[in-house]
Amino acid sequence: MYKEITIDPITRLEGHGKIDIFLDDAGNVAHACLQIPELRGYERFAIGRLAEEMPRITETICGVCPTAHHMCSTKALDDLYGVEPPPAARKIREFQYNTFMFEDHNLHFYFLGGPDFIVGPDAPAGQRNVLGVIAKVGLEIGKKVIDIRKRTRNIIQTLGGRVVHPVNGLPGGVSKGITKEQQEEWKKIAEDAVEFAKFTLKAFDDIVLKNKAYVDLIVGDIYKHKTYYMGLVDDNNRVNFYDGWIRVVDPDGKEFAKFKVRDYLNHIAEGVESWTYIKFPYLKNVGWKGFVDGKDSGVYRVAPLGRLNASDGMATPIAQEHYEKFYATLGGKPVHNTLATHWARVIEAMQAAEKMVELINDPEIVDPKIRNMDFKTPKVGIGVIEAPRGTLYHHYETDEKGRLTKANLIVATVNNSAAINMSIEKAARNLIKNGVVNDGLLNMIEMAFRAYDPCFACATHNLPGQVPIEINIHNKDGEVIRTIKN
Amino acid sequence: MAKPKVALYWCASCGGCEEAVVDLAEDILKVVDAVDIILWPVAMDFKYKDIEAMPDKSILVSFINGSVRNSEQEHIVKLLRQKSQLVVAFGACAHLGGIPGLANVANRKEIFETAYKLTHTTVNPNNVYPQPVTEIPQGKLTLPEFYDTVKSLDQTIDVDYYLPGCAPPPDLIMKGVLTLLSGNLPPKGTVIASEKSLCETCPRNKTKPDKMVIKEIKRIHEVIADPEKCFLAEGIICVGPATRGGCGERCINANIPCRGCFGPTKEVIDQGAKFLSALASIIDANTEEEAKKITEQIIDPIGLFYMYSLPTSILRRKQGV
Ligand code: SF4
Ligand code: SF4
Ligand code: SF4
C-alpha cells in the first residue's frame with residue numbers, strides 16, 4: 001500500500017507543473033516525479049508557415065525568454081539561406097542578446113532563486129520572496145534592481161520593437177541599426193550593468209559564501225548529481241551565449257564531444273513517457289538508461305552550471321576571476337552541486353554585462369550595413385543559442401520557397417527535464433523518512449527545481465510571493481490525510 | 001472601505017502577458033495599493049479552493065490571459081466567471097486565440113504524432129504517447145485532457161472587455177485598470193485600445209499614396225524596407241489596415257511590418273478576410289492572369305493574415321477533423 005503525495009500546482013513551465021510523490025508502507029519515498037501537463041504543438045503548426053515569420057512565431061513558446069527563441073530562430077534562418085550577417089548586424093544581435101541575458105539572470109537571482117539564500121532557506125515562507133529580499137537588503141537596493149531592469153529592457157524594446165516578443169531578426173541581419181546617440185546613451189547603461197553585476201557578486205559573497213550553513217547546503221549531497229554537461233563555447237573553449245561549438249563534458253569533466261550545431265542529430269535523442277507531455281533528451285552516444293546518474297547514463301545538464309562545467313573559462317576578465325574562485329571554493333571541476341547554479345548564474349550575469357560594454361563601445365556597431373541578402377536556395381536551417389536556462393535548438397526544413405515542411409525544437413528547459421526529475425526525487429528521498437513529512441519539504445523540493453530554471457517557476461519573479469505549492473498526502477483510498485501549503 | 005478584489009489568471013499562456021504586468025515597474029505599486037489581488041498563481045499563494053469558497057460576483061474583475069487548450073483551464077475560467085462581476089480577456093491569446101491558435105491548422109492526433117513520433121530527435125519505437133492515466137507500480141499518474149481545438153476566452157465564457165496585444169503594452173494595461181476601477185464602465189464588449197485602425201496613427205501613413213496600387217508582393221527578408229515608407233505601398237504585407245491601433249506602432253518602429261496582434265478593428269469579425277479585401281482593392285492587375293500571378297506571391301495567407309486570430313476567424317479550424 002502506497003501513500004501518494006501530490007504537489008499541484010507548482011507554477012508553470014508553459015503553464016503548469018505537478019509533482020507526485022509515492023510513499024511505501026514504511027513511509028519512505030518509493031517514487032517521485034514531475035509531470036508537465038501541457039503541450040502546444042509548435043512543431044506541427046510550423047508546417048506550412050513562411051520561414052521568415054518563424055522568429056516571431058516560435059518566440060511565443062515562452063514570454064519570459066522570447067529573445068532567446070527569436071535570436072535562435074533568426075540564426076536558423078541565416079543557416080537556411082546560407083548567409084552571414086554583416087559585422088554590425090552580428091554585433092547588434094550579440095549586444096541585444098547579452099542585454100537580455102543580463103536582465104533575465106538578475107531577475108532570477110533577485111526575484112526567484114536568490115530569496116532562498118538572501119532571506120534564508122528556513123525563513124518563514126511568507127518572507128522568501130522579493131519583498132523579503134528588499135527587507136533584507138534595503139529599499140534603496142530594491143529600487144536599484146527595478147531601475148536596472150527597466151533600463152535594460154528599454155534597450156531590448158528599442159531594438160526589437162516589442163520587449164515581450166521582439167521582431168527585429170531577419171536572415172542575414174537585423175531590421176534596424178543603432179544610431180550614434182543610442183550608442184552614447186547605452187554605453188552608460190552597459191557600464192551601470194557591470195557595476196550592478198559587481199554589486200550582485202559581492203552580495204552573493206557576503207550573504208552566501210560567508211555563511212557556513214549555506215555553503216554546506218550547496219556542497220552537500222541532497223542536491224548533487226553526477227551527470228554530463230553541455231554548453232556553447234568559443235574557439236578557446238570559453239563560455240559564449242550567442243554562438244560557437246557545442247561542447248559536452250563527462251561526469252569527470254573530460255571533453256566528451258565538441259560539435260557544430262549542424263551535427264546535433266548525431267549527439268542528441270529524445271525519449272517519450274506516457275505520464276507527462278515533456279520529452280526526455282539524452283546523449284545518443286551514451287544511451288538512455290533511465291533517470292540515473294553516472295557515466296553510463298546519457299542524462300546531461302545545461303544552463304549556468306552546465307555552461308561553466310562545459311567550458312574552460314569565461315570570455316571576460318571580471319567574470320573569469322569569479323570563475324576561478326568558483327572552482328577553487330567548490331573543490332575543482334566539474335561541480336556537480338545543483339545549488340551552485342545560482343552562483344554560476346551571477347558569474348554569467350557579469351560576463352553578459354562586460355560583453356555589453358565591449359560591444360556597445362565597438363565603433364563598428366553603428367555601421368549602417370546591417371543586411372546580407374546573398375541568399376542561397378533554402379533547404380535546411382539549424383540554429384543554436386544559449387538561453388538563460390540552457391542550450392536551445394531550432395531546426396527547420398523548407399521547400400524551395402522557404403515554406404516549412406518540418407521543424408524540430410529542443411527548448412532549453414527540456415534538456416534538463418530528466419535531471420530535474422532526478423533532483424526532485426533525490427530531495428524527496430532525503431527528506432521524507434518513516435512517513436514524517438514536514439513543511440520544510442516544500443522549500444527543499446522547490447529549491448531542487450528552482451536552481452535549474454525559472455521557467456516553471458518564473459512565475460515567482462513577478463512580485464510578492466513564491467511558487468504556490470500544495471501538497472496533499474493521500475492514503476490508498478484517495479482520502480486526503482494531510483494538506484501542506486506554503 | 002474594502003478594496004476591490006482582483007484576480008489574475010493564465011490559461012495556455014507563454015508568460016509574456018505576465019511579464020507585461022511586471023513591466024508596469026513602479027506603476028505596479030499603485031495597482032497593488034488600489035486593489036486587493038486575491039489570485040495570481042504566478043506570484044501569490046492563493047489556491048483554487050479559496051476562490052471556490054468566495055461568494056458569487058465577489059471579485060470585481062478577473063484578468064485572464066492565454067487561450068483555452070485543456071480541461072483544467074476550462075474549469076478554472078468558468079469558476080472565475082461565476083465569482084467575478086467583470087472578466088477581461090488579457091492579451092492576444094485570450095482575445096483572439098493568439099499565435100498558439102495557429103495549432104488549429106491541425107488536430108490533436110496530428111500534433112501528438114509530430115511531437116512524439118515524427119520530429120528529428122524523437123526516438124519512440126514503442127509508440128508511447130502521453131495518456132490521461134498512466135498506471136505505475138505505486139499508483140496512478142493523471143494528466144489533464146488536451147483538447148482538439150484552441151479557443152479564445154469568449155468561446156468558453158462570457159467576456160466583458162478585451163485588452164489586446166501580444167503582449168499588451170504597459171501603458172494600455174494601466175489605462176484599462178484605471179478605467180475599470182473608476183466605475184465609469186465602457187459598453188460591454190469594448191476592446192480597450194484605439195477605435196481607429198493602425199494605419200491612421202502610423203507614422204508612415206503620410207507616405208501612403210491616396211490611390212495605392214501594388215504590382216508585386218515582397219517578403220520581408222527580400223527587401224531593405226525604407227524606414228519612412230508605408231510597407232504596403234512598397235508591396236510588403238503589413239496587416240495595419242485590418243488591425244486596431246493603440247500599440248504604439250511597436251513593430252513598425254523596429255522597421256518590421258504589423259502582423260495584427262491587436263486584432264481587427266471595430267465591427268470586423270474576421271481580421272484575415274478584412275485584410276484580404278483591403279489587399280484585393282490595391283492589387284494592380286488588368287487581366288485575370290496578372291492577378292493570379294500577383295496573388296500567387298502570397299504563399300501562406302493563414303500564417304500571414306491570421307497569425308494571431310485563427311481561432312476567432314470564420315475559418316475557425318481545419319475542416320473535416
Ligand atoms: S498574448 Fe502573446 S504574450 Fe500573451 S500569452 Fe499569448 S503569446 Fe504570450
Ligand atoms: S500599411 Fe502598415 S506601414 Fe502602411 S500605414 Fe498602415 S500600418 Fe503603416
Ligand atoms: S505593429 Fe501590429 S503586430 Fe506589432 S505590436 Fe502593433 S498591432 Fe501588434
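Residues numbered from 1 in each chain as written. Chains lettered and ligands numbered in written order. Predicted model: local features only at pLDDT ≥ 70, side-chain atom pairs only at ≥ 80, totals over all residues. Heavy atoms only, no water.

Let's talk about the overall build of chain B
Next, step 1: Assigned secondary structure in chain B consists of 12 helices and 9 strands.
Next, step 2: Computed over C-alpha atoms, the radius of gyration of chain B comes to 22 Å, within 12% of the 20 Å expected from 2.2 N^0.38 for 321 residues, which places it in the range of a compact globule.
Next, step 3: Burial status across chain B gives 59% buried among its 321 residues.
Next, step 4: Accessible surface, chain B as shown: approximately 13,100 Å² in total, 56% of it carbon and sulfur.
Next, step 5: Of note, chain B has its 36 positive side-chain charges centred 2 Å away from the centre of its 39 negative side-chain charges. (Helix = DSSP H or I, 4+ residues; strand = E, 2+ residues; numbered from the N terminus. Rg over C-alpha atoms; globule rule 2.2 N^0.38 Å. Buried < 20%, exposed > 50% of the residue type's maximum accessible area, 1.4 Å probe, protein only. Areas by Shrake-Rupley, 256 points an atom, 1.4 Å probe, with all protein chains shown as cover. Lys, Arg positive; Asp, Glu negative; His and termini not counted. Charge placed at Lys NZ, Arg CZ, Asp CG, Glu CD.)

Let's talk about the site of ligand 1
Next, step 1: Taken together, A:Thr60, A:His165, B:Ser13, B:Cys14, B:Gly16, B:Cys17, B:Gly91, B:Ala92, B:Cys93, B:Gly165, B:Cys166 and B:Ala167 make up all the residues around ligand 1.
Next, step 2: Surrounding ligand 1 is a set of residues that belongs to chains A and B.
Next, step 3: Looking at side-chain class alone, the shell around ligand 1 contains 6 nonpolar, 6 polar and no charged residues. (Near = heavy atom within 4 Å. Nonpolar A, V, L, I, M, F, W, Y, C, P; charged D, E, K, R; others polar.)

Brief notes about the sheet that holds strand 6 (residues 228-233) of chain A
The strands making up a sheet associate through hydrogen bonds between their backbones, and the pairing can be parallel or antiparallel.
Residue and element names in this part refer to chain A.
Next, step 1: Read from one edge to the other, the open sheet built from 4 strands follows the order 8-7-6-11, with strand pairing classed as mixed. Each edge of the open sheet is held by one strand with a lone partner, namely strand 8 (255-259) and strand 11 (300-301).
Next, step 2: Direction of pairing for strand 7 (residues 245-249) relative to strand 8: antiparallel, over a ladder of 4 bridges. Looking at the pairing, Val248 lines up with Ala257 of strand 8.
Next, step 3: Against the sheet, helix 10 (residues 303-310) contacts strand 6, strand 7 and strand 11, and its axis sits at roughly 80 degrees relative to strand 6. (Pairing = 2+ DSSP bridges. Contact = heavy atoms within 4.5 Å. Axes fitted to C-alpha atoms, helices over the stretch in contact; angles between N-to-C directions.)

With respect to the interface of chain B and chain A
Much of the literature gives interface size as the accessible area that the parts lose upon coming together.
Next, step 1: In this complex, chain B contributes 90 residues to the contact, which on the side of chain A involves 96 residues.
Next, step 2: Interface area, chain B with chain A, both sides summed: about 7,800 Å², of which 59% is carbon and sulfur.
Next, step 3: Three residues stand out in chain B for area buried against chain A, namely B:His120, B:Thr121 and B:His221, and they jointly supply 10% of the buried area on that side.
Next, step 4: Inspection of the region where chain B meets chain A yields 8 salt bridges.
Next, step 5: As a salt-bridge pair, A:Arg153 and B:Glu19 come within 3.4 Å of each other at their nearest N and O atoms. (Buried area = accessible area lost by both parts, 1.4 Å probe. Salt bridge = Lys/Arg side-chain N within 4 Å of Asp/Glu carboxyl O.)

Side note on the site of ligand 3
Next, step 1: Taken together, A:Arg56, A:Arg162, B:Leu198, B:Thr243, B:Cys247, B:Arg250, B:Cys251, B:Cys258, B:Arg259, B:Gly260, B:Cys261 and B:Phe262 make up all the residues around ligand 3.
Next, step 2: Near ligand 3, the surrounding residues belong to chains A and B.
Next, step 3: Grouping the amino acids of the shell around ligand 3 by side-chain chemistry returns 6 nonpolar, 2 polar and 4 charged.

Considerations on the sheet that holds strand 14 (residues 404-410) of chain A
All names here are of chain A.
Next, step 1: Taking strand neighbours across the sheet as the criterion, the 3 strands line up as 12-13-14 in an open arrangement whose pairing is antiparallel. This sheet does not close on itself; its edge strands, each paired only once, are strand 12 (380-387) and strand 14. Neighbour-to-neighbour, the strand axes of this sheet turn through a mean angle of 10 degrees, independent of strand direction.
Next, step 2: Bridge count for strand 13 (residues 390-398) against strand 14 is 6 bridges, and the pairing is antiparallel. What sits directly across from His394, in strand 14, is Leu409.

Points about unusual backbone geometry
Next, step 1: In this model, A:Lys333 is joined to A:Pro334 through a cis peptide bond whose omega is -15 degrees.
Next, step 2: Position of A:Pro334 among the secondary structure elements: in the loop between helix 11 (317-329) and helix 12 (341-360).
Next, step 3: Here B:Cys166 and B:Ala167 are connected by a cis peptide whose omega angle stands at -10 degrees.
Next, step 4: Here B:Ala167 shows up in the loop between strand 9 (161-163) and helix 7 (170-182).
Next, step 5: Backbone geometry at A:His165 places phi at a positive 70 degrees, although glycine is not the residue there.
Next, step 6: Inspection of the secondary structure puts A:His165 in the loop between helix 7 (139-160) and strand 4 (169-170).
Next, step 7: The exposure class assigned to A:His165 is buried, which follows from its relative accessible area of 1%.
Next, step 8: Positive phi, normally seen in glycine, also occurs at B:Asn127, with a value near 55 degrees.
Next, step 9: Tracing the sequence through the fold places B:Asn127 in the loop between helix 6 (108-118) and strand 6 (133-136).
Next, step 10: Overall, the relative accessible area of 43% leaves B:Asn127 in the partly exposed class.

Quick word on the nonpolar core
Next, step 1: Grouped together as the largest cluster of nonpolar side chains are 236 residues, with contacts concentrated most on A:Phe95, A:Phe102, A:Phe326, B:Phe63, B:Leu153 and B:Leu279.
Next, step 2: The element best represented in this core is helix 8 (residues 180-209) of chain A, accounting for 13 residues.
Next, step 3: Excluding its chain neighbours within four sequence positions, the residues that come into contact with A:Phe326 are A:Leu305, A:Leu308, A:Val335, A:Ala340, A:Trp343, A:Ala344 and A:Ile347.
Next, step 4: Core analysis: the next-biggest nonpolar cluster, separate from the first, contains 18 residues, A:Tyr228, A:Val248, A:Leu283 and A:Tyr300 among them. (Core = buried A, V, L, I, M, F, W, Y, C linked by side-chain atoms within 4.5 Å.)

In short, shape yes, function no, at least from these values alone.
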